[in-house]
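# A closer look at the structure
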Amino acid sequence: MLGQMQNQPLLISSLITHAERHHGSTEIVSRRVEGDIHRSTWGQIARRSRQVANALDGLHLAHGERVATLAWNGYRHLELYFGVSGTGRVLHTLNPRLHPEQLAWIVNHADDRALCFDMSFLPLVQTVHAKCPGVRHWVALCDSDKLPTDSGIPGLVSYEAWIGGQSATCVWPDLDENSASSMCYTSGTTGNPKAALYSHRSTLLHAYGAALPDALGCSARDSILPVVPMFHVNAWGLPYSAAAVGCKLVFPGPALDGKSVYELIESEKVSMAAGVPTVWQMLLGHMQQNGLKFSTLKRTVIGGSACPPAMINAFNQTYGVEVLHAWGMTEMSPLGTVCTLKNAQLALSADEQLKVRLKQGRAVYGVDMKIVDESGNELPWDGKAYGDLLVRGPWIIASYFKGEGGDPMRYDASGKGWFPTGDVATIDADGFMQITDRSKDVIKSGGEWISSIDVENIAMAHPAVAMAACIGMRHPKWDERPIVVVVKKPGTEVSRDELLAFYEGKIAKWQVPDDVVFVDAIPLGATGKMQKMTLRQQLKDYVLPGV
Ligand code: AMP
């Protein structure tokens, strides 16, 4: 017997329709590329996203065709999120930090038909446009009077002129909820990038899951600042969750330095912010130097790479801000786990709580996870056994765009497919998962694994250390031994021996790195993650002491 409930498809257009109807006057504030602050509302975003819909129809783009963006976080980008996906086209958010050659490769691989870009990326577009013959429409996200006359880009139009003459009414099409809605290429370190192709259904289920109180906890009373870019897994889905709950959104535009982010948090009464550790490091540095405090910020979501304990402590103890350590990946839309404490853990001491908060957290409902050994046998949830982390759920990919890389899934005895995350993790009896490493970064010394994250976290707790990367170096006896590569904070000093002594009593002796290498900078990838492959190449002539 079938249930007798209304069978409405889960569509992205329903999010903006809801936000307009129930939260039409709630503000959307953006720092623009021009540097000024722009104020809009959910109502205006909805109206303009319908103008985008009509403008796209005018270009005769078929359902499923890709519309790319090369843009910072801002109101026009948000309008494209709804206008493009709402009409059945696929929003393809490009990462402007990629090398131009790689960017052109991705645009061509995705078969992008239109590309909308912020004016700060005009030089980049001028470099790549001739290499992207499939793109028929170029739109500059600016007012018509800001459009350069001599851009060299054929048919370039300004966004405001493009949508300006369009009607603000449209009937959003009734799509199949499994239709593709947006796509994002992974920051994969080997081979060509691969794309995750999200659907309306996966996006909406993720929006529900992410907004839950024990996940990102979004509400109409919040003012949320996604510092995480809208080109990095849809800003962790926050634009969609925000529309579902009707909260205020605050967009930082291109200004991600500590001063600009701090000022925006204070002036827009931000209650929750989300970003990668490198951004928070800049913010905390600015606050420490200037003796500043937060007056409204309550929570900050930190993910994308492991959050060092020193950062959790600084937010918690110095500034009274709760850190939500979160883990996920492009292939997971991206949310997998969030570290929010359970009731019984509230009675723990601050030190014991910190140990829990360091973990990547509990699975958001919708995500199932397990850890397995090399033969695929499930390992116990005892907080000690570590193995490959596998996941499954309705917002996790089943295959990559164009079937690239073949079938990525691993199948269990019952035939269920699990996506291998490439992370190595433990899970404790309360269900808190902790990443020990990317599987390719794990250091194997004398047959035992050393977690590079543990080694980095200890170095990061030293007051003179700004950034630390632990990598394994070939060793004739132990196979591999860890070294730690360190960037010092400006104006501070620490010697190799002092830093190695700092490890005493914090981890087992054999896990202490063999050496410290001081560098001016650690290479970061397009999404702010440390690029250990590049670092290893840079240190290819390095020899361990005594070898
Ligand atoms: P991406 O698809 O570029 O977002 O990268 C996903 C990968 O980033 C994951 O598989 C993890 O290796 C890493 N990652 C994301 N969040 C965390 C976190 N909180 N702690 C440690 N690693 C993380």
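Please refer to the structure placed before this passage.
Residues numbered from 1 in each chain as written. Predicted model: local features only at pLDDT ≥ 70, side-chain atom pairs only at ≥ 80, totals over all residues. Heavy atoms only, no water.

Quick look at the nonpolar core now. By size, the foremost hydrophobic cluster in this structure holds 143 residues, and its most contacted members are Trp 42, Phe 82, Trp 280 and Phe 294. At 7 residues, the largest contribution of residues to this core is made by helix α2 (residues 42-58). With residues up to four places along the chain from it excluded, the contact list for Trp 280 reads Val 227, Val 261, Ala 273, Ala 274, Gly 275, Thr 300, Val 301, Ile 302, Met 311 and Phe 315. Residues Ala 459, Met 460, Val 465 and Tyr 503 belong to the second largest nonpolar core, which totals 19 residues. (Core = buried A, V, L, I, M, F, W, Y, C linked by side-chain atoms within 4.5 Å. Buried < 20%, exposed > 50% of the residue type's maximum accessible area, 1.4 Å probe, protein only. Helix = DSSP H or I, 4+ residues; strand = E, 2+ residues; numbered from the N terminus. Contact = heavy atoms within 4.5 Å.)

Another point: the site of the ligand. Residues in close proximity to the ligand total 15 residues, the closest being Ala 326, Thr 330, Gln 360, Asp 423 and Arg 438. A distance of 2.6 Å is found between an oxygen atom of the ligand and a side-chain nitrogen or oxygen belonging to Thr 330. Taking Asp 423, its side chain carries an N or O atom lying 2.6 Å from an oxygen atom of the ligand. For the ligand, whose free accessible area comes to 490 Å², the fraction covered by protein is 92%. Sort the elements by how many residues they give to the shell around the ligand and strand β14 (residues 322-328) lands first, with 4 residues. Residues belonging to the shell around the ligand are distributed by class as follows: 4 nonpolar, 8 polar and 3 charged. (Near = heavy atom within 4 Å. Polar contact = N/O pair within 3.5 Å; in protein donor to acceptor, adjacent residues only side chain to side chain. Areas by Shrake-Rupley, 256 points an atom, 1.4 Å probe, with all protein chains shown as cover. Nonpolar A, V, L, I, M, F, W, Y, C, P; charged D, E, K, R; others polar.)

Here β14 lies mainly inside the structure; 5 of its 7 residues are buried. For the handedness criterion, the β-α-β arrangement of strand β13 (residues 299-302), helix α12 (residues 309-318) and β14 is classed as right-handed. For β14 and strand β15 (residues 335-339), the ladder comprises 4 bridges, and the chain directions are antiparallel. By the bridge assignment, Ala 326 is partnered in β15 with Val 338. Connecting β14 to the next strand, β15, in antiparallel fashion are 6 residues, including Ser 333 with a positive phi near 75°. (Right-handed = clockwise from strand over helix to strand, strands pointing away. Pairing = 2+ DSSP bridges.)

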